[in-house]
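# Descriptive analysis of the structure
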Amino acid sequence: MNGRLSCSAVNCVHNMSGLCSANRILVNGMSAHSSSGTQCETFAEKGLKNAITHFTNINISGEIRQLMDRDGIHMYPEVGCNAVSCRYNDDRKCQADGLMIMGAHAETSDGTYCETFVL
Ligand code: SF4
């Protein structure tokens, strides 16, 4: 993925003011033919337990730079994707110029979806 990842899943442990602080995420959707058939598999509900469990996938240096410079973007997760029908999917890697994950009320990955998906 070659750009900004914006995410509205504010209940996710990786969500930092609409940016994603994960080192890598996985979008699922093997049989997806629309955005609604996708989900961010890396979603984990905010909380101490998940912060500890998912610690190894947190981009610590990116978070620090992001806190020091809120106007810039310092976190670019690697995006693996199983939604092979999407036109941006190249060998299960996302090649979109920017990515929008939706999930404002998500409490599990089921409540998220990739808005950028295009057949
Ligand atoms: S839902 Fe996915 S894209 Fe959004 S912050 Fe969490 S891990 Fe990152």
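The following refers to the structure shown. (Residues numbered from 1 in each chain as written. Predicted model: local features only at pLDDT ≥ 70, side-chain atom pairs only at ≥ 80, totals over all residues. Heavy atoms only, no water.)

Next up on the list: the nonpolar core. As a rule of thumb, nonpolar side chains are buried together in soluble globular proteins. In terms of nonpolar packing, the biggest core is built from 22 residues, with Leu-5, Ile-25, Val-27, Val-79, Leu-99 and Ile-101 touching the most fellow members. Counting only elements with at least two residues in this core, the list comes to β1 (5–7), β4 (24–28), β6 (78–81) and β9 (99–102). In contact with Leu-5, not counting residues within four places along its chain, are Gly-18, Leu-19, Cys-20, Ile-25, Pro-77, Val-79, Leu-99 and Ile-101. (Core = buried A, V, L, I, M, F, W, Y, C linked by side-chain atoms within 4.5 Å. Buried < 20%, exposed > 50% of the residue type's maximum accessible area, 1.4 Å probe, protein only. Helix = DSSP H or I, 4+ residues; strand = E, 2+ residues; numbered from the N terminus. Contact = heavy atoms within 4.5 Å.)

On the surface, Phe-55, Ile-60, Ile-64, Leu-67 and Met-68 cluster together into a nonpolar patch covering about 530 Å² of accessible area. By the element assignment, Phe-55 lies in the loop between α1 (48–53) and α2 (60–68). Phe-55 sits in the partly exposed class, given a relative accessible area of 49%. (Patch = residues over 30% accessible without salt bridge, like charges linked within 9 Å, V, L, I, M, F, W, Y side chains within 5 Å. Areas by Shrake-Rupley, 256 points an atom, 1.4 Å probe, with all protein chains shown as cover. Salt bridge = Lys/Arg side-chain N within 4 Å of Asp/Glu carboxyl O.)

Moving on, we get to the side chain of Ser-21. Secondary-structure assignment places Ser-21 in the loop between β3 (19–20) and β4. Using a relative accessible area of 1% as the deciding quantity, one classes Ser-21 as buried. In this view, Ser-21 contacts His-14, Asn-57, Ile-58, Asn-59, Glu-63 and Met-75; residues no more than four positions away in its chain are not counted.

On to the pairing of β4. Alternating positions in β4 separate cleanly, Ile-25 and Val-27 being buried on one face and Arg-24, Leu-26 and Asn-28 remaining unburied on the opposite face. Sheet analysis places β4 next to β6, joined by four bridges and oriented parallel. Paired with Leu-26 across the bridge in β6 is Gly-80. (Pairing = 2+ DSSP bridges.)

The next subject is the site of the ligand. Taken together, Leu-5, Cys-7, Ala-9, Cys-12, His-14, Asn-15, Cys-20, Ile-25, Cys-40, Thr-42, Phe-43 and Ile-101 form the complete shell of residues around the ligand. Looking at side-chain class alone, the shell around the ligand contains nine nonpolar, three polar and no charged residues. (Near = heavy atom within 4 Å. Nonpolar A, V, L, I, M, F, W, Y, C, P; charged D, E, K, R; others polar.)

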